[in-house]
Amino acid sequence: MRRSSSRAFSARGDSRFVRFVNPKPLIFARKALVRSAALVAFMAIEAHAQLPPPPVPPQNPITEPKRVLGKILYWDEQLSSDNTVSCGTCHQTFQSATDPRPAVHPGLDLAFGTADDVFGSLGVARQDANGTPISDSIFGFDVQVTRRSAQTVLGSLWSPLAFWDGRAGPGFVDPQTGATVIPNGAALEAQAIGPILSDNEMAHQGRTWTDVINKLQGATPMGLATYLPPDMAAAIAATPTYGNLFNAAYGDSTINARRIAFAIATYERTLVANQTPFDLGTLTPQQQTGLNVFQNPASRCAICHAPPIFSDNTFRNVGVRPIVEDPGRQTITGLPGDAGRFKVPSLRNVGLKPTFMHNGRRLTITEVVDFYIGINGQVQFPQNQDPLIAGIAIPPPARIDLIAFLQNGLNDPRVAAETFPFDRPILASERGDSDRDGDVDVGDRAQFESCYTGHNGGPVGAGCQRLDMDGDGDIACDDWLQFKVAWTEASPPAEMAAAPGESEPGATGKPRP
């Protein structure tokens, strides 16, 4: 962690100026924060009841068959053109339903390794309308990367608009008929249909809803995934085709874009992460003090990240990067005042996120806090910056408590552990990546040896399931052969070339190098 200054800071323009202050008010404020811990604890106990349920449009009521259908669609890689990307691929539950995979877009200058690079999400390799690979102007034949980081699904349930720039919502227009099906409160429905036809996220060029529907009609639900959660497995066992699943949810087997959007949005509305220490009144003393810092008017945190949702659902320019690199909300509205503005994200489960800001360039909560108070080398860009930012004042001791609150006080343990309703299957694209770092390499090979069971030697432990490459309940030589294929390092090391064949491994019970 970088060493912070013992001074208070204020912002003017694009520079940060040291401002010496009388230490007595800071000491008094610190004591006041401690004295108010009991009040904070009481507020936290009450907060669970205060968190409203996600709004549900009357045109799309929640039902259990529709929820399960939405969960299946959300996690099925077959919803993409090339069977490599699901909604959940870029919104992985254990990291606050965001994307932990390392991926870089070169930004406006199209040069990798420069200051305007964006840490986005891996999508699909570019393909023409026939599904034939073609060269992309930036990524060639490699997988494309999005120009913004993936926002958390879990924090979007209460928002009237979705995406960083708010381009989805508030209503839902059926993309096949052009009819406005839901006039308001449908940001989740509107967002759900966007990536499915995007030719850098999930689709080949020119993909249509007819293409999507025809594919689902011939697909086995979750046919590429393994270790399905019980609710998904039971639904598919009872209704083993997508037509059957849509019939259970809607009363007939018709598959269309509206029903796909309605089902995915229904599933997302059930992902309410309301068992955080903040909600349950179990904050530690330091976290409680950090919450008090958060709510102190001087910090200005709670103005934009208002509890209990921890977002006011506005769009603001906090000065992350020059506007020319990404105009944000202005791209949608055309208004000069919206230049550089992006959606204020919810801070629920923020301590689980791998990256921060719309460009993903802040990698820790400490960096984010330091950015707002302008210390430790963090730089702000003043063009059209929200005036609230310049007045942020967080004393150094309070900064530590604030970070502690954000790091752990707003995390729901069910999200981190991926337990119901946040449970999920293992996707085909994830198999082999046992440490979930976005690649298959020597670390995963070591884990393979540790997890090896031999033929019919299961059951496979929870930490080893991504190494059961064929999903047959053991980790054996047939899995090793598929593991070698999944290897993602630049070139397979010698140990891969010398990996075992079809015969059982040696006396150690593990594959021989």
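Residues numbered from 1 in each chain as written. Predicted model: local features only at pLDDT ≥ 70, side-chain atom pairs only at ≥ 80, totals over all residues. Heavy atoms only, no water.

Novice: Give a detailed account of the overall build of the chain, specifying residues and quantitative values.
Specialist: Within the chain one finds 19 helices and ten strands. Classification of the 513 residues of the chain by burial places 54% in the buried group. Surface accessibility of the chain: about 21300 Å² in total, with carbon and sulfur atoms responsible for 58%. (Helix = DSSP H or I, 4+ residues; strand = E, 2+ residues; numbered from the N terminus. Buried < 20%, exposed > 50% of the residue type's maximum accessible area, 1.4 Å probe, protein only. Areas by Shrake-Rupley, 256 points an atom, 1.4 Å probe, with all protein chains shown as cover.)

Novice: Before we move on, can you summarise the packing of aromatic side chains with the specific residues and values?
Specialist: In this description, an aromatic ring pair is defined by two values, namely the gap between the centres and the angle between the planes. In this structure the tally under the stated criterion is 17 aromatic pairs. Measuring from centroid to centroid gives 6.4 Å for Phe 448 and Tyr 452, while their planes differ by 45 degrees, and the two rings are tilted. On the basis of relative accessible area, Phe 448 is assigned to the buried category, the value being 0%. Its relative accessible area of 11% is what places Tyr 452 among the buried residues. Plain terms: the ring middles of Phe 448 and Trp 480 are 5.0 Å apart, the flat faces sit at 65 degrees to each other, and that makes the pair edge-to-face. Of this pair, Phe 448 sits in helix 17 (residues 442–451) while Trp 480 sits in helix 18 (residues 477–486); the two residues are 32 residues apart in sequence, bridging distant segments of the chain. Through a chain of ring-to-ring contacts, the aromatic side chains of Phe 448, Tyr 452, Trp 480, Phe 483 and Trp 487 assemble into a single cluster. Sitting over the face of the ring of Phe 315, Arg 329 holds its NZ or CZ atom 4.7 Å from the ring centroid. (Phe/Tyr/Trp six-rings, centres within 6.5 Å; stacked < 30°, edge-to-face > 60°. Lys NZ or Arg CZ within 6 Å of the ring centre and 35° of its normal.)

Novice: Tell me about the environment of Asn 247, residues and numbers included.
Specialist: Summarising the element assignment, Asn 247 is placed in helix 7 (residues 242–250). Through-space distance from the C-alpha of Asn 247 to that of Pro 65 is 9.2 Å; in sequence the pair is 182 residues apart. The contacts of Asn 247, once residues within four sequence positions are left out, are Asp 252 and Ser 253. (Contact = heavy atoms within 4.5 Å.)

Novice: Any chance you could break down the side chain of Gln 385 for me, citing the residues and the numbers?
Specialist: Relative to the assigned elements, Gln 385 resides in the loop between helix 13 (365–373) and helix 14 (387–390). A polar side-chain atom of Gln 385 sits 2.9 Å from the main-chain carbonyl oxygen of Val 318. (Polar contact = N/O pair within 3.5 Å; in protein donor to acceptor, adjacent residues only side chain to side chain.)

Novice: Could you give an account of the nonpolar core, with specific residues and numbers?
Specialist: By size, the foremost hydrophobic cluster in this structure holds 53 residues, and its most contacted members are Ile 72, Leu 73, Tyr 242 and Ile 260. Elements represented by at least two residues in this core include exactly helix 3 (64–75), helix 4 (187–192), helix 5 (209–218), helix 6 (230–238), helix 7 and helix 8 (257–269). Among the elements that make up this core, the one with the highest residue count is helix 8 (seven residues). Counting residues in hydrophobic clusters, the runner-up holds 28 residues, among them Ile 392, Ile 394, Ile 403 and Leu 406. (Core = buried A, V, L, I, M, F, W, Y, C linked by side-chain atoms within 4.5 Å.)

Novice: Break down the pattern of salt bridges for me, with residues and values.
Specialist: Between side chains of opposite charge, a pair can form as their charged atoms come close. Considering all chains together, one arrives at 23 salt bridges under this definition. The salt bridge partner of Arg 126 is Asp 199, with a shortest N-O separation of 3.5 Å. You can see Arg 126 sitting in the loop between strand 5 (122–125) and strand 6 (143–145) and its partner Asp 199 sitting in the loop between helix 4 and helix 5, a full 73 residues away along the chain. Judged by its relative accessible area of 28%, Asp 199 is partly exposed. With a closest N to O distance of 2.9 Å, Asp 165 and Arg 148 form a salt bridge. With a gap of 17 residues between them, Asp 165 in the loop between strand 6 and strand 7 (172–173) and Arg 148 in the loop between strand 6 and strand 7 connect regions that are remote in the sequence. (Salt bridge = Lys/Arg side-chain N within 4 Å of Asp/Glu carboxyl O.)

Novice: I'd like a rundown of the packing of helix 3 against helix 8, residues and numbers included.
Specialist: Put simply, helix 3 and helix 8 touch, their axes get as near as 7 Å, and they point 100 degrees apart. The pairing of helix 3 with helix 8 is recorded here as roughly perpendicular in orientation. Across the interface between the two elements, Lys 66, Arg 67, Leu 69, Gly 70, Lys 71, Leu 73, Tyr 74 and Trp 75 of helix 3 pack against Ile 260, Phe 262, Ala 263, Ile 264, Thr 266, Tyr 267 and Glu 268 of helix 8. Per-class residue counts for the contact of helix 3 with helix 8 are nine nonpolar, two polar and four charged. (Axes fitted to C-alpha atoms, helices over the stretch in contact; angles between N-to-C directions. Parallel < 35°, antiparallel > 145°, perpendicular 65-115°, else oblique. Nonpolar A, V, L, I, M, F, W, Y, C, P; charged D, E, K, R; others polar.)

Novice: Account for unusual backbone geometry, naming residues and giving values.
Specialist: With an omega of 0 degrees, the peptide bond between Gly 169 and Pro 170 qualifies as cis. Cis rather than trans, the peptide bond between Gly 458 and Pro 459 has omega equal to 5 degrees. Positionally, Pro 459 belongs in the loop between helix 17 and helix 18. Here the phi dihedral of Asn 83 falls at roughly 65 degrees; this positive angle occurs in a residue that is not glycine. Topologically, Asn 83 is positioned in the loop between helix 3 and strand 3 (104–105). According to the relative accessible area criterion, Asn 83 is partly exposed, its value standing at 32%.

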